[in-house]
Amino acid sequence: MEDSVYTALQRCPLFAGMERMEIVLALNAFPCRIVDYARHEIYALAGLPLGYADIVVSGTLVCRMASLHGRPVEMTRLKKGDMVAPALLFAENGVMPVSVETDSKVRVLRMTKEDF
């Protein structure tokens, strides 16, 4: 993997305090891959299950909910080093409470929930 991926992973709480070689060894222990998304692509829709543990390695994801009036409200932005909905990895149903769209080209490190 590219150096930029390891730099992003060092920002992630999951790999906090780990050196590059420790991250390499951890990633070699289970299957993972890099997934690319184009700008303004739908990453996830509210109400659908999330089946992956993804970490943003570049770009920005925008999480939105519908207001009571049906207008989209931005809840948060996920940037380099952020995990996407980490609490859902441990939830029984794992359903996304928000819709997520890319704000730019986005690259994530992806592993299955089971491998995580």
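Residues numbered from 1 in each chain as written. Predicted model: local features only at pLDDT ≥ 70, side-chain atom pairs only at ≥ 80, totals over all residues. Heavy atoms only, no water.

Q: How do you make sense of the confidence of the model for the protein chain when you look at a structure like this?
A: Any residue range with low pLDDT should be treated as having predicted coordinates unsuitable for detailed reading. In the predicted model, the protein chain carries a mean pLDDT of 90, and the fraction of residues at 70 or more is 100%. In the model of the protein chain, helix α1 (residues 3–11) stands out as the element of lowest mean pLDDT, 89, in contrast to strand β1 (residues 33–37), which has the highest, 96. (pLDDT = per-residue confidence, 0-100. Helix = DSSP H or I, 4+ residues; strand = E, 2+ residues; numbered from the N terminus.)

Q: So what exactly am I meant to see when it comes to the sheet that holds strand β6 (residues 99–102) here?
A: Within a sheet, each strand pairs with its neighbour through backbone hydrogen bonds, oriented either parallel or antiparallel. Strand order across the open sheet formed by four strands is β2-β6-β4-β5, with antiparallel pairing between neighbours. The strands lining the two open edges of the sheet, one partner per strand, are β2 (42–44) and β5 (72–78). Neighbour-to-neighbour, the strand axes of the sheet open up by a mean angle of 35°, direction not taken into account. (Pairing = 2+ DSSP bridges. Axes fitted to C-alpha atoms, helices over the stretch in contact; angles between N-to-C directions.)

Q: What should I look at first to understand the sheet that holds strand β3 (residues 52–58) in this one?
A: Pairing is antiparallel across the open sheet formed by three strands, whose spatial order is β1-β7-β3. Only two strands of the sheet have a single neighbouring strand rather than two, namely β1 and β3. Going from strand to strand, the sheet's axes swing by 35° on average, the running direction of each strand aside. Packed onto the sheet, α1 meets β1, β3 and β7 (106–112) and runs at close to 115° relative to β3. (Contact = heavy atoms within 4.5 Å.)

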